[in-house]
Amino acid sequence: MTQSNNRKLTIARAMAESVAQEMRTDDRVFVMGEDIGELGGVYGNTRGLLEEFGKERIRDTPISETAFIGAAVGAAQDGMRPVVELMFVDFFGVCFDAIYNLMAKNIYFSGGSLKVPMVLMTSTGGGYSDGGQHSQCLYGTFAHLPGMKVVAPSNAYDAKGLMTAAIRDDSPVVFMYHKRLQGMGWLGTEPGATVKTPEESYTVEIGKAAIARKGSDVTIVSLGLGVHHALKAAEKLSEEGVEAEVVDLRSLVPLDRDTIRESVARTGRLIVVDEDYHSFGVSGEIIASVTEHDISVLKAAPRRVAFPDVPIPFERGMEQFCLPNADKIIAAYREIEAG
Amino acid sequence: MTQSNNRKLTIARAMAESVAQEMRTDDRVFVMGEDIGELGGVYGNTRGLLEEFGKERIRDTPISETAFIGAAVGAAQDGMRPVVELMFVDFFGVCFDAIYNLMAKNIYFSGGSLKVPMVLMTSTGGGYSDGGQHSQCLYGTFAHLPGMKVVAPSNAYDAKGLMTAAIRDDSPVVFMYHKRLQGMGWLGTEPGATVKTPEESYTVEIGKAAIARKGSDVTIVSLGLGVHHALKAAEKLSEEGVEAEVVDLRSLVPLDRDTIRESVARTGRLIVVDEDYHSFGVSGEIIASVTEHDISVLKAAPRRVAFPDVPIPFERGMEQFCLPNADKIIAAYREIEAG
Amino acid sequence: MQPSLEQKLWMYETMVLSRRCEEQIAKIYMEGKTPVFNMANGTIPGEMHLSDGQEPVAVGVCAHLDAEDIVTATHRPHHQAIAKGVDLDRMMAEIFGKATGLSGGRGGHMHLFDPAVNFACSGIIGQGLGPAVGAALSRKMQGKPGVAVAFIGEGATNQGAFHEALNLAAVWNVPFVCVVEDNAWGISVSKAASTSVPRNDVRAASYGIPGHYVEGNDPYRIHEVAGEAIARARAGKGPSLIEVETFRLAGHFMGDAEGYRPEGEKDALFEIDPIPRMRQRLLDDGDASDEQLSNIEKKAEERIEQAIRFARESDEPRPEDALTAVFAQA
Amino acid sequence: MQPSLEQKLWMYETMVLSRRCEEQIAKIYMEGKTPVFNMANGTIPGEMHLSDGQEPVAVGVCAHLDAEDIVTATHRPHHQAIAKGVDLDRMMAEIFGKATGLSGGRGGHMHLFDPAVNFACSGIIGQGLGPAVGAALSRKMQGKPGVAVAFIGEGATNQGAFHEALNLAAVWNVPFVCVVEDNAWGISVSKAASTSVPRNDVRAASYGIPGHYVEGNDPYRIHEVAGEAIARARAGKGPSLIEVETFRLAGHFMGDAEGYRPEGEKDALFEIDPIPRMRQRLLDDGDASDEQLSNIEKKAEERIEQAIRFARESDEPRPEDALTAVFAQA
Ligand SMILES: Cc1ncc(C[n+]2csc(CCOP(=O)(O)OP(=O)(O)O)c2C)c(N)n1
Ligand SMILES: Cc1ncc(C[n+]2csc(CCOP(=O)(O)OP(=O)(O)O)c2C)c(N)n1
Ligand SMILES: [Mg+2]
Ligand SMILES: [Mg+2]
């Protein structure tokens, strides 16, 4: 192992490095979005790219998400491999037609005669008082609609590998990165997200969950920032001799149901942690995926720790009241124990 | 009971009647949308209104969903009670910001100082080869995002009562009507949707499920057209002595979890029937709602009969292959029986 | 500048081909839908938007396009598809929902894709604009030739996507032309009731690009104006907006009672059907003999018959293939 | 036509009030964010978009508005809120996230709602346009007085919502005015890089409505042009579009390093800060004495201090109240 492989990167830098590496070897890759040029992306994931690749391939756009995401689809179908940014996932409402009715469906509508090799990267998550139009995760919203792969890394290693895999994929991939994991100085970051990341190019397979921590007593399934809450909860539980297994989904579509089911089959207990809204989303799907498969493996009713079904409040105390955290996960475990 | 109360109405006529009755007694109620005037709505639910109320209160709009749904929010906040139509729910992508970030959130953002008394009515459903941009249900998509009530009637009685309740509600209500239940001649209709509907005005409470059929052996939960599939399956199962209970959700938000749980507690078996996409949607939520509450009531793993995670194909055989129907529900029951 | 004789004959032939196509589809569409009309039934189920009357726009524009050029079309795409050179057999098979269709029956008549001639369409108003701008950008970035044309209806000009795409195309100066088929109606809503200006060419000024309005559904005039705009785009001088006055002789979709049309409108339109008019003009100008034109017409009829035969004789897709082609094949 | 003396003094006072507000917020925003700047921390967490420099637009327009008129504002709303007469104490408390805030801390600085003066704002670009058109329609339908003004930034003019709303307002001829604050930047993207025309007033022609461009960030000239447009709307003559040249003296949000600005741009802007300029003008024109103006300034400072005191002294909301007010109270 070279020294470079001991280097730690933030997710932001890992994303930018992946894009840069792909751009160097593939002329068809380019980047579009708001403030991704000079500014390097509000969340830093395109920093340095303008300097290396210039304005043609690193394109700042007007505030016209419908047009430029639609344009990415058109360019992708025409042989390019655009990486396009929707600055906050919360803005999807102004351009969701271009995303879910066009980007996601044209391969199918064309019977497979078209490819749509594009990546839509978008920031998710709250916890820093940015209010109800700038703090959502919307994982369930994107994962529910067929035709797009959806990934959400919890650390820089996965972020780089998933980004490289996404750019090389001939199908559209939505890359949801969590703001509180980006490693932006001005936002504070979860240290666990900044991990050793090889300099050389590599891929992480889209559709494979990771076991972030081994354990035998309860399975905690999560993604993105939630994985870190889960790991913290697991550490605390471990102090009292309860060993939690933490499953990091990494990808919502395809969803690695096998890994989840296999883990729950071993632990017999399930907690799902999701920063997206509680109902009709990720947490329900995970629980259903387990219970419909084999209900006998469960020793207790499954639990979820998710954002309640309310818009995201601005005020810190209110927002924290709603957000998942390690204590809530532990409380959920207590409920399971209590039966 | 007067004779009029024996009269049967289609859902389309029931909706139009409710709107007309509210418009007669409340000047603030008006209707906007594409082709809702002269044409009476593509799905007939505004037929006759232009003739009675004129162009000011029955407003055809440009093809500008973002603007006119946004305008409905502005008008609602200013004291009007708009009923606005999104012709097909599939078109939500061009205007979802106005729906989920504005209509759904302004009450909360204003701390309750604003009311947003508006109804967004929209057609759902496939089964008539209208292709992948005109056949979706998207129940899960709307139900996942907080701040809007979501109703989906299965028959004319409920449609009228829910529409009246929706118009009188000070919060935004999304009224999802299924095209194959509307009673439009040119589309064919499920006869079970056209039921006795009182002439006088009445409301059906938003947030209360109905037991469409009593039974003790299995609970089939559905909504809209799925309720009729469930009833047909129940009839067939009854021939072999299996009595299915059919729960008609009527409303997704609020979701009547109590009625579902109470039914499953009695039957011990659960099948969810949903024409919306399989994953991260309604079917997962219903199953999770039951299992997280009390896993011991289930005698077997729950099942779902939902639209697979693929865009909706045009061709009849392919589309029918994907759609829920009575046979698939019976097959799901067989799986439960087989354990 | 008038089209060349060859172009004129191609335009006439293509208009006739398109019309025959629509006539045959209209007939076949009713198979299985009588005595009770139910859109779900019959040889061709689902919605059906026909283009009768609007052929001059498709041919006037596409006369300037090659296979490598890009066209995005709408829910009313047949005339444009035919003029762009989409494989007619596979297009018809797709409309019938056959395994041999352009997308094996997954798409249907609103979702015709033929990558060989860079043709795509979609059922959402304004949706094709962004992709056309993107394809134009792709050519510019790759240094490859090709102009992208987005066809839309006049009703679509009030959709946000129209504004965003034209601005983006202008800012990026890509080889893009937006062609608006102004048939005066968006389903039952008239242009006057939906659009704040009588003509959309004035909206070009919002993007600092040339705007044109072509009156009279006149294929030669359309050909001329489109030719200029497309040449301009090819020369790297950027996008244009063209609105063309046309009309639809059919209902919005099949089954439309058209109660919204003022009395007599429809009859008057049939009087100015562009196909007999062009035929007469070719004769009057001495560009073709009656026999030549009859020959063209016969050939068009046969071509459509062949496509229909192909569609009818093709197999239905396997139902379970509905689950395939969601993602690109590895 | 110049504003009346009373209007001039109100405009000056309101500009100063707004500026003091921003200055104080800027200072308090940094409480708890040093030595390490983390947006999540401090007395006022989250994003913070200040309006320094853009005050002339707010006051020039709102001088013509009463409480019953409607304003929708953007992510940069303080100057407009203050000019519209939003309750300053409760606005400040909302920015602090207190229980006494306009929405009890649920909204924050991008979501200020004061129904008493018909003020609303939102954080999504272009989102306020539709609601303003709808409120204007509501007044027209109810036969009640009132004009609706939507403020947006120049970057927002390339969003589809802009186009749709202006067309709809024009088609329905409602009392609506769209005011574009052209501060030359949308975050780091310049107007030239995002907008296909140098000035948005030309886009009014797309809707058959009057378009105006006001140069120089000049409160009197803004007052005049806005007055005409608002009077026109009140007279039932329909909507207008006004773009105003202005500038922001602050970063896009607090913490913005503004590396995208050309060298010297910022310094030059401080030279033409509209507040000292207006002060000088009032003196030069003999409209007010130095003492009068100093008095106004002192009062403004005190008013802001009072609002801040109110905010500081107010209680935080109960965390569990996050779950309330999702739906209207019965
Ligand atoms: C975003 C969206 N809104 C509404 C519709 C429903 N719709 C289909 S065609 C049509 C009218 C379109 O009018 P125009 O653009 O003039 O095209 P034409 O049908 O006249 O060819 C409408 C409203 C749609 N498909 N997409
Ligand atoms: C639909 C949408 N896209 C992007 C953003 C992110 N964003 C917030 S402010 C801004 C720039 C806005 O520029 P402008 O309209 O000129 O207003 P200014 O900030 O200059 O006042 C952007 C891109 C957003 N809030 N909403
Ligand atoms: Mg039209
Ligand atoms: Mg700006």
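Residues numbered from 1 in each chain as written. Chains lettered and ligands numbered in written order. Predicted model: local features only at pLDDT ≥ 70, side-chain atom pairs only at ≥ 80, totals over all residues. Heavy atoms only, no water.

(A) Examining the site of ligand 1 more closely. Taken together, 20 residues form the shell around ligand 1, and within it Glu65(B), His75(C), Arg76(C), Asn183(C) and Trp185(C) come nearest. Ligand 1 sits at the junction of chains B and C, each of which supplies nearby residues. Take His75(C): an N or O atom from its side chain is 2.8 Å from an oxygen atom of ligand 1. Within the backbone of Gly155(C), one N or O atom sits 2.9 Å away from an oxygen atom of ligand 1. For ligand 1, the accessible surface in isolation is 570 Å², of which the surrounding protein chains cover 97%. (Near = heavy atom within 4 Å. Polar contact = N/O pair within 3.5 Å; in protein donor to acceptor, adjacent residues only side chain to side chain. Areas by Shrake-Rupley, 256 points an atom, 1.4 Å probe, with all protein chains shown as cover.)

(B) Main features of the pattern of salt bridges. Tallying each qualifying case throughout the model produces 92 salt bridges over all chains. Taking the shortest distance from any N to any O, the salt bridge between Asp89(C) and Arg303(C) comes out at 3.1 Å. Here Asp89(C), found in helix 4 (residues 88-96), pairs with Arg303(C), found in helix 11 (residues 290-313); they are 214 residues apart in sequence, far enough to count as distant. Residue Asp89(C) is classed as buried on the basis of its relative accessible area, which comes to 14%. Between Arg19(D) and Glu55(D) there is a salt bridge whose closest N-O contact spans 2.6 Å. (Salt bridge = Lys/Arg side-chain N within 4 Å of Asp/Glu carboxyl O. Helix = DSSP H or I, 4+ residues; strand = E, 2+ residues; numbered from the N terminus. Buried < 20%, exposed > 50% of the residue type's maximum accessible area, 1.4 Å probe, protein only.)

(C) Region of the structure containing the site of ligand 2. Taken together, 20 residues sit near ligand 2, with Glu65(A), His75(D), Arg76(D), Asn183(D) and Trp185(D) positioned nearest. Chains contributing residues near ligand 2 are chains A and D. A distance of 3.0 Å separates a nitrogen atom of ligand 2 from a polar atom in the backbone of Ile125(D). When ligand 2 sits alone it has 580 Å² of accessible area, and the protein chains cover 97% of it.

(D) Structural view of the domain arrangement of chain A. All names here are of chain A. Assigned domains of chain A: these are domain 1 (3-196) and domain 2 (210-338). Computed from C-alpha atoms alone, the centre-to-centre distance between domain 1 and domain 2 is 26 Å. Contacts between the two partners involve 31 residues from domain 1 and, on the opposite side, 25 residues from domain 2. Note on domain 1 versus domain 2: buried area summed over both sides is about 2,100 Å², and carbon and sulfur give 56% of it. Between domain 1 and domain 2 we count two salt bridges in total. Here Glu190 makes a salt bridge to Lys232, at a shortest N to O gap of 2.6 Å. The greatest single-element share of the side of domain 1 that touches domain 2, amounting to four residues, is contributed by helix 6 (residues 139-144). Classifying every residue of the side of domain 1 that touches domain 2 by side-chain character gives 13 nonpolar, 14 polar and four charged. (Domains from an automatic or database assignment. Contact = heavy atoms within 4.5 Å. Buried area = accessible area lost by both parts, 1.4 Å probe. Nonpolar A, V, L, I, M, F, W, Y, C, P; charged D, E, K, R; others polar.)

(E) Region of the structure containing the coordination of the magnesium ion (ligand 4). Residues and elements named next belong to chain D. Surrounding the magnesium ion (ligand 4) are the protein donor atoms Glu154 (OE), Asn183 (OD1) and Trp185 (O), which sit 2.1 Å from the metal. Between consecutive donor residues of the magnesium ion (ligand 4), the sequence gaps follow E-x28-N-x1-W. Placement of Glu154 in the loop between strand 3 (148-153) and helix 6 (160-172) and of Asn183 in the loop between strand 4 (176-182) and strand 5 (185-186) is noted, with a sequence separation of 29 residues between them. With relative accessibility at 6%, the residue Asn183 sits in the buried group. (Donors = N, O, S within 2.8 Å, 3.2 Å for Na, K, Ca; no water.)

(F) Broad picture of the sheet that holds strand 3 (residues 58-60) of chain A. Residue and element names in this part refer to chain A. Spatially, seven strands are ordered 3-2-4-5-7-6-12 in an open sheet, and the strand pairing comes out mixed. Each edge of the open sheet is held by one strand with a lone partner, namely strand 3 and strand 12 (251-253). On average, each strand axis in the sheet is tilted by 20° relative to the strand beside it, whichever way the strands run. As paired elements, strand 2 (residues 29-33) and strand 3 share three bridges and run parallel to each other. Residue Met32 lies in a different strand from strand 3, and its bridge partner there is Arg59. (Pairing = 2+ DSSP bridges. Axes fitted to C-alpha atoms, helices over the stretch in contact; angles between N-to-C directions.)

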